[in-house]
Each structure stands twice: as C-alpha cells, then as structure tokens.
Amino acid sequence: NETLLEVKDLETAFKIDGKYYNAVDRVSFNVKKRQILGIVGESGCGKSVMSLSVMRLLPKGIGEIKGGQIDFEGQDLAGKTEKDMLKLRGKDISMIFQEPMTSLNPVFTIGYQIEEVLFNHLSISKKEARLKSIALLKSVGISRPDKIVDEYPHQLSGGMRQRVMIAIAIALQPKLLIADEPTTALDVTVQAQILELLKEIQEVNEMSIILITHDLGVVAEMCDEVVVMYAGRIVERADVDTLFHNPKHPYTELLLGAIPKMDEEVETLSSIGGIVPSLKNMPEVGCRFANRCPKAMESCLQVTPALGEVEANHDVACLLYETSQQKEGAAAR
Ligand code: SF4
Ligand code: MG
C-alpha cells in the first residue's frame with residue numbers, strides 16, 4: 001500500500017498576545033493511497049489546524065508552520081510558495097468544511113462556482129464547462145442538475161449545498177480530499193447520505209480521504225485507519241478494528257465510552273469531565289491529558305509520553321505502556 005501523504009514532525013503555532021504556541025505539536029502520520037484516514041478528538045485538539053496546515057490555508061500572520069514536513073507524492077508542501085499551492089489546491093488536494101453556506105458564494109449561481117474551478121485549471125470552452133458542471137452535479141446525486149446549475153446557494157437545502165461543495169472539491173479528481181466535520185451541521189438522515197456519497201466517490205475516483213470528526217460513529221462507518229488527537233498531539237493510531245476493540249490510551253477509552261446510542265441524543269463527548277487545556281495553558285512537560293486522566297500517575301506530570309508502537313501497527317503515547325522503541329533502547333543499553 002503506497003503512501004500518498006506523509007506528515008513528519010509537523011509543528012504549527014498560533015500567535016496569542018504576540019507569543020507563539022504549538023496548536024499542532026510534532027505530529028506524524030501517513031495517508032496511503034485509496035485509504036480513508038479518520039482524525040478524531042474533541043474540538044480544540046488541533047484537528048482543523050492540522051488540515052489547514054496541509055492545505056497551507058492557515059490564517060495569515062496568526063498561524064504558522066514552525067517545523068516538520070508535509071510530503072505529498074515527494075513534494076514538501078510545508079515549503080511551497082502560495083503560487084505553487086494555487087496549482088495544487090483543488091487539483092491534487094481539495095477540502096470540504098462543516099458549513100457549506102460559508103464556502104459557497106451567495107451572489108453567484110452554483111454553475112458559475114463549479115465552472116470557476118474548472119477554468120482555473122483547465123482550458124475548456126464555456127459550453128464544455130457548463131456540461132461538465134451538470135455532469136458533476138449529477139455524479140453527487142443531485143436530481144435535475146440542469147435546473148440546479150442556474151440556482152443560488154440559498155435556494156438549496158443544507159444537504160444539497162454540501163453535495164455541491166463535494167462536486168466542486170472533486171471536479172478535478174484530486175488524489176486527496178480533506179473533509180473537516182463534513183456532516184456535523186446536517187440532520188442525521190442527510191448525514192448518512194453524505195457519508196454514503198463520500199464513500200462511493202472515494203471508490204469511484206480511487207482517492208484518499210482524511211476525515212476529520214469528533215464522532216466515532218462516523219469513524220466506525222467510514223475509516224480504514226484512525227488517528228486520535230489530544231491537545232495538539234497524536235495519542236493513539238491504529239486500524240479501525242483495533243482501535244474499537246482494543247483501545248489503549250485512556251483518552252480513546254473515554255471517547256469510546258462516550259459514543260451515544262443510536263436512539264439517544266447525546267452531546268458525543270460531554271460525558272468526559274473537564275476540557276482540553278487552552279494553548280496558553282498547555283503544560284510544558286508531562287502528559288497533556290494528565291488533568292483529566294482517570295489513570296494518571298505521579299510520573300505523568302514529569303515525563304512527556306512519546307508515540308510508540310505497543311503492538312504491530314498500533315501506536316500509543318501513554319506512560320502505562322512500554323513501546324517497542326523503549327524495549328529496543330533498553331536492549332541496546
Ligand atoms: Fe493518563 Fe499518564 Fe497515560 Fe497520560 S501518560 S494518558 S496521564 S496514564
Ligand atoms: Mg475543528
């Protein structure tokens with residue numbers, strides 16, 4: 001299974017009162033070709049900052065990549081100019097967000113907004129662009145695409161708008177789609193339809209997806225592999241079956257315990273006590289989960305746990321576990 005994206009030791013800092021704080025702190029992970037990778041965690045865990053770093057869409061003058069690499073098919077995106085990124089964005093990597101209304105321009109028709117992406121990257125005629133737009137709308141399950149193409153965003157439902165955003169995102173058949181909470185703003189029935197659509201598109205276009213969500217139900221449904229983030233760091237990584245059946249990190253265990261039952265309306269993660277520490281209050285050393293962890297030990301405040309392998313293809317950052325890297329280190333001494 002070939003690697004499409006390799007993020008290595010990524011550090012992204014945000015400026016608060018003139019000082020920089022790492023919102024993403026030495027994060028490393030891979031996305032393989034044709035894989036759906038889930039990134040989970042509560043809000044404020046650095047999931048969105050991570051994806052904005054990959055897209056190089058961090059807010060100017062506030063968010064900045066301070067270290068690490070973002071290798072996409074052998075090119076380091078972290079070092080690219082905005083001009084280079086303009087060629088890549090939309091064409092090789094696309095992104096969809098939670099609220100499609102804010103990403104669609106209210107004053108232009110749906111067709112205009114799809115055509116804009118096509119014209120930016122392809123030399124095609126007006127007529128070809130319109131036909132392609134209609135075909136794209138059809139491919140994302142929009143009925144009467146020849147009518148919808150001339151409508152404005154406010155004339156569509158939330159689910160339809162997200163379908164339009166997906167049509168725009170896949171217009172140039174990117175190799176990687178980053179979907180940041182793509183269904184969070186939608187009602188449950190529509191959520192399921194959009195997820196189904198994403199899965200279908202992933203298969204047809206043979207692309208990779210990074211699916212960012214706070215919803216482990218969505219992960220179970222969609223993903224091959226999962227990365228769990230807490231306070232800017234990866235705390236656990238495994239394939240989806242391993243993570244659900246054999247979670248190791250206390251944070252993952254709590255997340256899994258907080259999965260709402262199908263017929264219950266529960267704020268997914270509200271049953272975990274406490275909150276993610278804010279950037280300014282992040283402890284310098286030790287485990288960032290220590291103040292909420294039911295298994296915390298004295299050493300958790302003094303030693304920063306490193307992400308390491310605890311069994312084949314299963315990485316955890318917690319002092320409760322001895323990693324194969326530590327075992328090797330001990331053997332070498
Ligand atoms: Fe809990 Fe300590 Fe493990 Fe952190 S390192 S998750 S505080 S047991
Ligand atoms: Mg977010």
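Residues numbered from 1 in each chain as written. Chains lettered and ligands numbered in written order. Predicted model: local features only at pLDDT ≥ 70, side-chain atom pairs only at ≥ 80, totals over all residues.

An unreviewed UniProt entry annotates the chain as ABC transporter ATP-binding protein of Mangrovibacillus cuniculi. If you open the UniProt record of the chain and go to Sequence similarities (unreviewed entry), you find "Belongs to the ABC transporter superfamily." According to its UniProt record, the chain has this under Subcellular location (unreviewed entry): "Cell membrane". (UniProt positions renumbered as here; feature names shortened; annotations may be inferred.)

K.L.:
What's the story with the overall build of the chain in this structure? I'm lost.
P.N.:
When helices and strands are counted, the chain shows 12 helices and 12 strands. Relative to the globule expectation of 20 Å for 333 residues, the C-alpha radius of gyration of the chain, 21 Å, shows essentially globular dimensions. Taking the principal axes of the C-alpha coordinates as reference, the chain spans close to 70 × 50 × 45 Å. A burial count over the chain gives 40% of its 333 residues as buried. (Helix = DSSP H or I, 4+ residues; strand = E, 2+ residues; numbered from the N terminus. Rg over C-alpha atoms; globule rule 2.2 N^0.38 Å. Buried ≥ 20, exposed ≤ 12 C-beta atoms within 10 Å, placed from the backbone.)

K.L.:
Can you walk me through the nonpolar core in this structure?
P.N.:
Soluble globular proteins tend to pack their nonpolar side chains together in the buried interior. Counting residues in hydrophobic clusters, the biggest one holds 89 residues, and the most contacted among them are Ala167, Leu176, Ile210, Val228, Ile234 and Val235. Residues lining this core come from more than one domain, with at least three contributed by each of domain 1 (3-92 + 174-332) and domain 2 (100-173). When residues no more than four places from it in sequence are discounted, the contact partners of Ala167 are Ile114, Leu136, Leu137 and Val140. (Core = buried A, V, L, I, M, F, W, Y, C linked by C-beta atoms within 7 Å. Domains from an automatic or database assignment. Contact = placed C-beta atoms within 7 Å.)

K.L.:
Help me understand the domain arrangement of the chain in this model?
P.N.:
A common way to report how large an interface is uses the accessible area buried once the components associate. When its domains are assigned, the chain resolves into domain 1 (3-92 + 174-332) and domain 2 (100-173). If you average the C-alpha positions of domain 1 and of domain 2, the two centres end up 30 Å apart. Counting residues at the interface gives 13 residues for domain 1 and 14 residues for domain 2. Examining the composition of the side of domain 1 that touches domain 2, we find that six residues originate from one element, helix 8 (residues 188-205), more than from any other.

K.L.:
Would you mind showing me how to read the site of ligand 1 here?
P.N.:
Residues in contact with ligand 1 amount to 14 residues; listed here are only the nearest, Cys287, Cys293, Ala296, Cys300 and Cys318. The residue makeup of the shell around ligand 1, split by class, is 12 nonpolar, one polar and one charged. (Near = placed C-beta within 6 Å. Nonpolar A, V, L, I, M, F, W, Y, C, P; charged D, E, K, R; others polar.)

K.L.:
Would you explain the environment of Ile70 in this entry?
P.N.:
Relative to the helices and strands, Ile70 is located in strand 4 (residues 63-72). Under the C-beta neighbour-count criterion, Ile70 is labelled buried, with 21 such atoms within 10 Å. A C-alpha to C-alpha distance of 7.1 Å links Ile70 and Leu5, two positions 65 residues apart in sequence.

K.L.:
Would you take a moment to explain the pairing of strand 7 (residues 176-180) for this structure?
P.N.:
In terms of burial, strand 7 is a largely internal element, five of the five residues being buried. Residues Leu176, Ile178 and Asp180 line one face of strand 7 and the alternating positions Leu177 and Ala179 line the opposite face, and both faces are buried. Two strands pair when backbone bridges link them, and strand 6 (residues 93-96) and strand 7 are joined in this way by four bridges, in the parallel orientation. By the bridge assignment for strand 7, Ile96 is matched with Ala179. Across five bridges, strand 7 lies against strand 8 (residues 208-213) in parallel orientation. (Pairing = 2+ DSSP bridges.)

K.L.:
Would you mind going over the sheet that holds strand 1 (residues 3-16) with me for this structure?
P.N.:
Hydrogen bonds between backbone groups are what pair the strands of a sheet, and the pairing can be parallel or antiparallel. Taken in spatial order, the four strands of this open sheet run 2-1-4-5, and their pairing is antiparallel. The open sheet is flanked by strand 2 (19-32) and strand 5 (75-76), the only strands paired with a single partner. Of the strand pairs in this sheet, strand 1 and strand 4 are connected by eight bridges, and their pairing is antiparallel. Within strand 4, the residue paired with Glu11 across the bridge is Gly67.

K.L.:
What should I look at first to understand the environment of Asn22 in this one?
P.N.:
Along the polypeptide, Asn22 turns up in strand 2. By C-beta crowding, Asn22 is classed as buried, having 21 other C-beta atoms within 10 Å. Remark: the alpha-carbon pair of Asn22 and Thr12, spanning 10 residues in sequence, is separated by 5.5 Å. Those residues in contact with Asn22, other than ones at most four positions away along the chain, are Glu11, Thr12, Ala13 and Gly232.

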